[in-house]
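# An overview of the molecular structure
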Amino acid sequence: MIAKLGGPLGSPSLAATTAQFRNRLPTQFRRALPIYVVAVCLILVIFNLNLFHSSVRAPLGRPSVSAQNAPKVRSEFPRKIWQEWKVNPLQFEGRDLNTARTWLAKNPDYRYEVLTDANDMGYVEFHYGPDGFNRPDIVSFYREVKAAIVKADLLRYLVMYAEGGLYADIDVEALKPLSKFIPERYDEKDIDMVIGVEIDEPDWKDHPILGPKSRSFCQWTFMCKPQLPVMMRLVEQIMSWLNGVAKEQNVPLAEVDLDFDQIISGTGPSAFTQAIMAEMELHKESPNSKVTWDLFHDLDESKVVSRVLVLTVEAFAAGQGHSHSGNHDARAALVKHHYHASNWPSRHPRYSHPAYGEVERCNWEDECVKTWDRNVEAFSKMSEEEKQKILDQKQREREEKEEKKKAEEEQKKKDREDAEKRKKEAAEAAEAERKKMEEDEKRKKEEAAETAAQQKPQDLAAQASKGAEGNNSKKSGWFS
């Protein structure tokens, strides 16, 4: 038996079998066999390297998320209300506190959260870092951007992608509960977003300044289900756009200089609207149809387009004075925007003509815009001397207006001071009268006490005299 195991293959019979099998292989295959073995080994090495790099990028094995591989959307809207502000709710001013309370009062069964300047970066790092959606490019981008309004726009999109729910600016008041945001005729499972028309002035779509802003959805209030591809696409578009602007200006992201129109079109309502319209077009039901603003112009009742519920202008943007937005007493009005937190244009100014100022001051009033256009066109055709005359005239008008405004403010201030003085004098007079009355009352009490003190000995003497007379009368009776 030991002899049988002594062969190199452990068994003479096994060796014979192996030799027989080798003799059956073609000669060419036997010659190429080492090459095949080397190729298989290379493939295994490359495969293992890819696994190693993947584990380095995502320690928990979670792939990075983009608009192309977004997870499946849930069937119901999360019961969450999101707002952003500089400070936390415990430090809110009265006006902000009052508007915030309306959301809680109307929706007591919803979670309410405010992201602030102190915790926004932590939120982005948590949800978009390695343990979240694994998008280090988004985390880095958000950290580098310094323009407050850009971060505010970007953050609402990031929050809506990560968790969904309802977003509302801090100066937006809830008029009705969220249960009213989706009309009863719709099934919540068939809707991924709820938005409303903000500006519906398509007649000015070709205007050089007003055109890009003439048709837009509202993004100071909207609802989302989490992880909608449109939100991620919007975030990625903003990143691409702003990186391009930084490159054009040859500055880092933190130093990019943006005007009003760039904010509106790059991160604000226009960017929001374009992203949603593109998503609607991507998922339209009929390949022969085209999604255009005509679907939403003069919208008199809500409609669903590509799983996006679009509400009428009264819903989120009532009381604007344009776009037939009606007022906040309308049955369709769901929120009221107070605009007291909308001071960002002071840091990103609108275009202002040197002679005729901002066309936005017309607030979409047709004749006002046409007059502005005519004046600007006429100005462009003037000689330099004529232009200077117009500018000098407008400067004088502005100075006169400023002086008049200053005089009115001074008069108001004087009126307030006079009113305060009269109020103070009246209060002092009332206080003096009160003190006088107190002194008179005190004096009367003192006089009464003094009179009583003087009267007491006399009363005692009278009582003693009366007692003595009584005793004498008893002694002079018939018994005596």
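Note that the structure is a prediction, hence the values are computed from the model and not measured. (Residues numbered from 1 in each chain as written. Predicted model: local features only at pLDDT ≥ 70, side-chain atom pairs only at ≥ 80, totals over all residues. Heavy atoms only, no water.)

## Quick word on the overall build of the protein
Which entries qualify depends on this criterion: Numbering of helices and strands runs from the N terminus, with a helix taken as a DSSP run of H or I at least four residues long and a strand as a DSSP run of E at least two residues long. Whether a residue is buried, partly exposed or exposed follows from its accessible area with a 1.4 Å probe, protein chains only, as a fraction of its type maximum: under 20%, in between, or over 50%, in that order. Where accessible areas are quoted, they stem from the Shrake-Rupley method and a 1.4 Å probe; at the residue level, only the protein chains shown are allowed to cover.
Regarding its fold elements, the protein presents twelve helices and ten strands. When burial is assessed residue by residue, the protein has 36% of its 480 residues classed as buried. Element-wise, carbon and sulfur atoms account for 54% of the exposed surface of the protein, whose accessible area totals about 30000 Å².

## Points about the pairing of strand E2 (residues 111-115)
Selection rule: We treat two strands as partners when DSSP finds at least two bridges between them. Consider the strands pointing away from the viewer: the crossover is right-handed when the path from the first strand over the helix to the second runs clockwise.
When strand E1 (residues 80-84) meets E2, the two strands line up parallel, connected through five bridges. When the sheet's bridge partners are listed, Trp82 is paired in E2 with Glu113. Of the crossover connections in this fold, the one passing from E1 over helix H3 (residues 94-106) to the parallel E2 is right-handed.

## Section: a negative patch on the surface
Threshold: The residues that make up patches have over 30% relative accessible area and no salt bridge, and they are joined within 9 Å when like-charged or within 5 Å when they are Val, Leu, Ile, Met, Phe, Trp or Tyr. One speaks of a salt bridge when a side-chain nitrogen belonging to Lys or Arg is within 4 Å of a carboxyl oxygen belonging to Asp or Glu. All tallies of charge rest on Lys and Arg as positive and Asp and Glu as negative; His and the ends of each chain are not included. Taken as the charge location is NZ of Lys, CZ of Arg, CG of Asp or CD of Glu.
The grouping of Glu402, Glu408, Glu409 and Glu410 at the surface amounts to a negative patch. Judged by relative accessible area, which is 47%, Glu410 ranks as partly exposed.

## Some words on the state of the cysteines
The test is simple: What counts as a disulfide here is a pair of cysteine sulfur atoms lying within 2.5 Å.
A full pass over the atoms with the stated rule returns one disulfide. Between the sulfur atoms of Cys362 and its disulfide mate Cys368 the distance is 2.0 Å. On the S-S bond that ties Cys362 to Cys368, the torsion sits near -65°, and the link is left-handed.

## Concerning the environment of Lys225
Note the following rule: The term polar contact refers here to a pair of N or O atoms within 3.5 Å; inside protein, the definition further demands a hydrogen-donor-capable atom paired with an acceptor-capable atom, and it admits residues adjacent in sequence only when both atoms are side-chain atoms.
Turning to its location among the elements, Lys225 is positioned in the loop between strand E7 (221-224) and helix H7 (229-249). With 64 residues separating them along the chain, Lys225 and Tyr161 place their C-alpha atoms 7.6 Å apart. In terms of polar contacts, Lys225 uses its side chain to reach the backbone carbonyl oxygen of Ile191, at 2.7 Å.

## Quick notes on unusual backbone geometry
In this structure, Ser306 is a non-glycine residue whose phi angle is positive, near 50°. Looking at where Ser306 falls in the secondary structure, it is placed in the loop between strand E8 (303-305) and strand E9 (308-311). The backbone of Trp364 shows a phi angle near 65°, a positive value even though the residue is not glycine. Tracing the chain through its elements places Trp364 in the loop between strand E10 (335-337) and helix H11 (366-380).

## Some points on H7
Helical periodicity: at 3.6 residues per turn, an α-helix aligns residues three or four positions apart in one direction. Where we set the bar: Under the convention used throughout, the expected extent of a helix is 1.5 Å for every residue step, that is, one less than its residue count.
Taking 1.5 Å of rise per residue, the 21 residues of H7 would be expected to cover 30 Å, and the 30 Å separating its terminal C-alpha atoms lies within 8% of that figure. The set of residues buried in H7 consists of Val230, Met231, Met232, Leu234, Val235, Ile238, Met239, Leu242, Val245 and Ala246. Just beyond H7, the residue with positive phi is Asn250, at close to 60°.

## Some details on the side chain of Ser323
Rule in force here: What makes two residues a contact is simply this: any of their non-hydrogen atoms within 4.5 Å.
Inspection of the secondary structure puts Ser323 in the loop between helix H10 (313-317) and E10. Judged by its relative accessible area of 5%, Ser323 falls in the buried class. At 2.7 Å, the side chain of Ser323 forms a polar contact with the side chain of His322. Apart from the residues within four sequence positions on either side, Ser323 is in contact with Glu198, Ile199, Asp200, Glu201 and Val313.

## Some words on the packing of helix H4 (residues 120-128) against helix H5 (residues 136-144)
Threshold: Simply put, an axis is a line fit to the C-alpha atoms, just over the touching stretch for a helix, and the angle between two N-to-C directions goes from 0 to 180 degrees. Our angle categories are set so that under 35 degrees counts as roughly parallel, over 145 as roughly antiparallel, 65 to 115 as roughly perpendicular, and the remainder as oblique. Under the grouping applied here, Gly and all other residues not named as nonpolar or charged are polar, the nonpolar ones being Ala, Val, Leu, Ile, Met, Phe, Trp, Tyr, Cys and Pro and the charged ones Asp, Glu, Lys and Arg.
Running from amino to carboxyl end, H4 crosses H5 at an angle of 170°, the nearest separation of the two axes being 9 Å. Comparing their axes, H5 and H4 come out roughly antiparallel. Contact residues: Asp120, Met121, Val124, Glu125 and Tyr128 in H4; Pro136, Ile138, Val139, Tyr142 and Arg143 in H5. Residue classes in the contact of H4 with H5 are distributed as seven nonpolar, no polar and three charged.

## A short note on the packing of aromatic side chains
Just so we agree on the cut-off: Only rings of Phe, Tyr and Trp enter the pairing, Trp through its six-membered ring, and a pair is recorded when the two centres are within 6.5 Å. The plane angle decides the type: under 30 degrees is stacked, over 60 is edge-to-face, the rest tilted.
For the structure shown, the criterion picks out 13 aromatic pairs. When the centroid spacing of 5.7 Å and the interplanar angle of 80° are considered together, the rings of Trp220 and Tyr339 count as edge-to-face. Taken together, the residues span a long stretch of sequence, with Trp220 in the loop between strand E6 (215-217) and E7 and Tyr339 in the loop between E10 and H11 at a distance of 119 residues. Trp220 gets classed as buried once you look at its relative accessible area, which sits at 6%. Residue classification places Tyr339 among the partly exposed residues on the basis of a relative accessible area of 39%. Summarising the aromatic geometry, the rings of Tyr356 and Phe379 are spaced 6.3 Å apart at their centres and angled 90° between planes, so their arrangement reads as edge-to-face.

## Section: H5
To keep things clear, this is the line we draw: In this context, the arc is that of the directions from the helix axis out to the C-beta atoms.
Turning to H5, its buried residues number three or more, namely Ile138, Val139, Phe141 and Tyr142. Angularly, the buried residues of H5 cover 165° about the axis, an arc narrow enough to put them on a single face. In this structure, the buried residues of H5 make contact with H4, helix H6 (148-162) and H7.

## Re the pattern of salt bridges
Scanning all chains against the criterion turns up 28 salt bridges. For Arg156, the salt bridge is made with Asp169, and the minimal N-O distance between the two is 3.5 Å. Residue Arg156 is found in helix H6, and its partner Asp169 is found in the loop between strand E3 (165-168) and strand E4 (172-174); the two are separated by 13 residues along the sequence. Look at Arg156 and you get buried, because its relative accessible area is 4%. In this structure, Lys414 engages Asp418 in a salt bridge whose closest nitrogen and oxygen atoms are separated by 3.1 Å.

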